[in-house]
Amino acid sequence: MVSSLSSLLCFLVVTAHVTEAARTSRRRMKLTGGDEVVPQDNTVSFRSGKTNRHGTADGLEPGDLAAAFRVPTLDGEFVYQPGALKGSLVIHAFTNKSGFLECLWSSQSSLSSLVQDLPGSAQVLFVSLDDSSVTDALWMRDQLHRAAALHRGKDVLSRLHFSPMPVFALGNWIPGVLFSWGCRGHNCGLSQAVFTSEGWKMPVVIKRLDARFDWLMGRWGQRLYQLRDAADGCDVSPSVAGAVAWLSEGGCSFFTKVQNMAKSNASGVLVYARPGNPIQDMNCVGGECYFPLGIPAAMVHLEPSVAEALRTGQAVNVSFQTTPSPNFFISIDQQGALAETGWFLYPSFSFINWQAQWFDFYTNLQSKLGTPATVVSIFDKVPMQGDKGAVAAADLPPGWLDFDVLELDVSLSCPGRRDSSCAQWDHTVQLFVCCDRLGPFCNVELGRWITAFRRGIGRWQTDVSPLLPVLDSSRCTFTMKTVPWAMPWIVSFNLRFRVANQTELNLEDNHVEKLRPFQVMSLYSGGTFDKSYNEKYLPVKFPVPASTKKVELYAVITGHGSDENGCGEFCVTSHHFLINAIYNNTRTFDSAGSALGCTTRVKEGAVPNEHGTWLYGRGGWCDGLQVDPWRVDVTRQLDMSGFESNTVIYFGLFGGQDPHPSQQPGYIVMSSFLVFYK
């Protein structure tokens, strides 16, 4: 909440004359040497090493409860009391020493995303790490007020709070967390270019913003480069061969500049902003993004001493470093627990919105998990790693055949409490069950998930009720595993049995009755997605069992790997189950390969702000999310008499045709069934 603070105006008057002077010369910073300073984890640590669950001492970790605090703002005093704030709170610490944050705050699309898309439950507290905190607070407020006016988003302004008090003067736990929660990546640390030249007493160090991570894959080496001027870079310049090209902003696109310098055999590109212009997010546009360029690039401000040295023919060298800094983003979820916010892969406030969306999802999930159910705990914080994975046997509850709902409550966390302890890569996780070792369903897949890129907050509830019949004995063994070479994950998993309140309409005599699955028939699995993919699939003939009232097609399908078309992970594939040669039941992954396809699923539980390309749409899956079963009622497509056989056949297509990759074919992972209800 915000209350009036009469002393705020006094604070503004007393400090303004100090911070204005400091603000005028912040762009350039001098260091004593040009060597790169990058500690192993980019962390400046002031932790005591002690953890307090209630958040009242140093050493706070993600998951600890945040203590109450008060912060002066431009509109009064912001007061946080545990339990009083109904939504989440994101705390953003600004510094003008960061090129990333300069772009974040100067980009109209970034500002617009916050005022348009910040969830209604979320609030944001803006603070400054610099001495110019008063001016910073006023500037940040003006930036967002202008953006809100453009988009008629003034309603959000009451949930945005700007503190003129510098972080080092807050007097609460916030500075300790900002400084002790080290992070690596695109949203924290001070990326810098270091210029040296003979005759200079000290190197010149300025902030930089590297080109978009998913456009230019080249990275700066830890060495000294020669810097050479190549005007605006809109033409090929052989003189920059082996050097970093120094280019002016404008005249042509960033893509054209980098492409011309790559053709000139430059080792990299530095584009400097025109005087008065902010640093921009260097990115490709449209078809440019499919043209590979192998050199790194970054944007900086024009440094007069560098420009003058180059103009007079003086040799200038440049190196690149990342200086550790406090974290720029921390948060408190609806339950009052401290939380990391992950990586901001490019400068946009959309990443705050996505984190807040996930907090809303998690709150709703907690509510769902609070509904009455018979719960069987299978894994409780068990390591999953290696060929074996995580394995446990458990007794099913008495009368388990009387339930008609089966849900999987699964969470994947990391060995430590920080995201930095998490596995770096995304992998498929599968849950297999075996109840009757001699039965047809021993080691059938019960659920599937995809791990996040180095974030350990995932938790999901998946309805697998149609597969209740595979639990064909009172004691079952559950195995959860991923690829054996993956770093460990910590698994928690509960089975939730309950009776649904829903009823279904009997189509034969038009009366309402409760149905439950009583029989499952396995259909098709996947395989290598190449020219022979569909050749192995043959029609399956089947009668409908007596007493069946409903038949459902149930499939879990995901595409992986990448051929020249991006198949099966990043290409649009379609999966067809043709019943009785008439009814084509089709599952199409139409968001695969889209730039933001998986961001739309954060509200469903996709883990946001992962340390990788989590944003892209995939072939039936997203990083940090369960794979939802595809369910289709096919009752009306079948002869239900039990006397005539029905047929079903599966085939998978790319671009409406059989796949025909020329190299490195991808693959489809699939389990599919017909489920019979009575």
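Below, the structure is looked at part by part. (Residues numbered from 1 in each chain as written. Predicted model: local features only at pLDDT ≥ 70, side-chain atom pairs only at ≥ 80, totals over all residues. Heavy atoms only, no water.)

A few words on the overall build of the protein chain. Each helix and strand in the protein chain was counted, giving eight helices and 35 strands. Here the protein chain holds 678 residues, and 56% of them are scored as buried. By element, 52% of the accessible surface of the protein chain is carried by carbon and sulfur atoms, the whole surface being about 28600 Å². (Helix = DSSP H or I, 4+ residues; strand = E, 2+ residues; numbered from the N terminus. Buried < 20%, exposed > 50% of the residue type's maximum accessible area, 1.4 Å probe, protein only. Areas by Shrake-Rupley, 256 points an atom, 1.4 Å probe, with all protein chains shown as cover.)

Moving on, we get to unusual backbone geometry. For the peptide bond that leads from Cys-567 to Gly-568, omega is 5 degrees, which places it in the cis range. Unlike most non-glycine residues, Asn-580 shows phi in positive territory, near 55 degrees. Along the chain, the position of Asn-580 falls in the loop between β30 (573–579) and β31 (583–588). The partly exposed category is assigned to Asn-580, whose relative accessible area is 21%.

A few words on the sheet that holds strand β6 (residues 123–128). Taken in spatial order, the five strands of this open sheet run β7-β6-β5-β15-β16, and their pairing is mixed. Two strands bound the open sheet, and with one partner strand each, they are β7 (160–166) and β16 (338–339). In this sheet, β16 lies alongside strand β15 (residues 329–332) in antiparallel orientation, the contact comprising two bridges. Residue pairing for β16: Ser-331 is matched across the bridge by Ala-339. Against the sheet, helix α8 (residues 350–369) contacts β5 (89–94), β6, β15 and β16, and its axis sits at roughly 20 degrees relative to β15. (Pairing = 2+ DSSP bridges. Contact = heavy atoms within 4.5 Å. Axes fitted to C-alpha atoms, helices over the stretch in contact; angles between N-to-C directions.)

The strand order β18-β23-β20-β21-β32 describes an open sheet built from five strands, whose pairing is antiparallel. Each edge of the sheet is formed by a strand with only one pairing partner; in this case those strands are β18 (390–395) and β32 (625–626). As defined by bridge partners, strand β21 (residues 444–450) adjoins β32 across two bridges and the pair is classed as antiparallel. From the neighbouring strand, Ile-450 faces β32, where its bridge partner is Leu-625.

Attention now moves to the state of the cysteines. Under the definition given, this model contains seven disulfides. Two residues, Cys-434 and Cys-442, share a disulfide whose sulfurs are 2.0 Å apart. On the sign convention where negative is left-handed, the bridge of Cys-434 and Cys-442, at about -95 degrees about the S-S bond, is left-handed. Cys-442 gets classed as partly exposed once you look at its relative accessible area, which sits at 25%. The disulfide partner of Cys-598 is Cys-622, and the S-S distance across this bridge is 2.1 Å. One disulfide, between Cys-598 and Cys-622, carries an S-S torsion of -90 degrees and so falls in the left-handed class. Taken as a pair, Cys-598 in the loop between β31 and β32 and Cys-622 in the loop between β31 and β32 lie far apart in primary sequence, 24 residues in all. Under the relative-accessibility criterion, Cys-598 is labelled buried at 1%. On the basis of relative accessible area, Cys-622 is assigned to the buried category, the value being 4%. (Disulfide = S-S within 2.5 Å.)

Helical periodicity: at 3.6 residues per turn, an α-helix aligns residues three or four positions apart in one direction. A rise of 1.5 Å per residue sets the reference length of helix α4 (residues 133–150), with its 18 residues, at 26 Å; its end C-alpha atoms lie 26 Å apart and thus fit the reference within 8%. Along α4, the positions that sit buried rather than exposed are Ser-133, Val-134, Thr-135, Asp-136, Ala-137, Met-140, Gln-143, Leu-144, Ala-147 and Ala-148. (Expected span 1.5 Å × (residues − 1).)

Attention now moves to the environment of Thr-482. With respect to the secondary-structure elements, Thr-482 resides in the loop between β23 (475–481) and β24 (489–498). Look at Thr-482 and you get buried, because its relative accessible area is 11%. In the structure, Thr-482 is positioned 31 residues away from Thr-451 in sequence and 9.2 Å away in space, judged by C-alpha atoms. Excluding residues within four positions of it along the chain, Thr-482 makes contact with Met-384, Gly-386, His-427, Thr-428 and Val-429. For Thr-482, the side chain forms a polar contact with the main-chain oxygen of Thr-428, separated by 2.7 Å. (Polar contact = N/O pair within 3.5 Å; in protein donor to acceptor, adjacent residues only side chain to side chain.)

With that settled, consider the packing of helix α3 (residues 108–117) against α4. One can describe the packing of α3 onto α4 by two numbers: an axis separation of 9 Å at closest approach and a directional angle of 75 degrees. Our classification of the angle between α3 and α4 gives roughly perpendicular. Contacts between α3 and α4 involve Gln-108, Leu-111, Ser-112, Leu-114 and Val-115 on the former and, on the latter, Gln-143, Leu-144, Ala-147, Ala-148 and Leu-150. Looking at the contact of α3 with α4 residue by residue, the class counts come to seven nonpolar, three polar and no charged. (Parallel < 35°, antiparallel > 145°, perpendicular 65-115°, else oblique. Nonpolar A, V, L, I, M, F, W, Y, C, P; charged D, E, K, R; others polar.)

A separate point is the pattern of salt bridges. A complete count under the given rule lists 22 salt bridges for this structure. Residue Arg-448 is joined to Glu-445 by a salt bridge in which the shortest nitrogen-to-oxygen separation is 2.8 Å. Exposure remark for Arg-448: the relative accessible area of 2% places this residue in the buried category. A salt bridge links Asp-623 to Arg-618, with the nearest nitrogen and oxygen atoms 3.2 Å apart. (Salt bridge = Lys/Arg side-chain N within 4 Å of Asp/Glu carboxyl O.)

Our next topic: the nonpolar core. Phe-69, Trp-173 and Leu-471 are the most contacted members of the largest nonpolar core, which totals 152 residues. Looking at which element gives the most residues to this core, the answer is α8, with ten residues. Counting 28 residues, the second largest nonpolar core, distinct from the first, contains Phe-542, Leu-553, Ala-592 and Val-648. (Core = buried A, V, L, I, M, F, W, Y, C linked by side-chain atoms within 4.5 Å.)

Another point: the packing of aromatic side chains. One pass over the structure, following the stated rule, counts 40 aromatic pairs. Arranged with centres 5.9 Å apart and planes meeting at 90 degrees, the rings of Phe-255 and Phe-291 form a pair that is edge-to-face. Of the two residues, Phe-255 sits in helix α6 (residues 254–263) while Phe-291 sits in the loop between β12 (268–273) and β13 (297–301), which places them 36 residues apart along the sequence. Ring centres 6.2 Å apart and planes at 50 degrees place the aromatic pair Trp-358 and Phe-361 in the tilted group. You can see Trp-358 and its partner Phe-361 sitting in helix α8, three residues apart, about one turn around the helix. Phe-361 carries the same exposure label as Trp-358, and that label is buried. (Phe/Tyr/Trp six-rings, centres within 6.5 Å; stacked < 30°, edge-to-face > 60°.)

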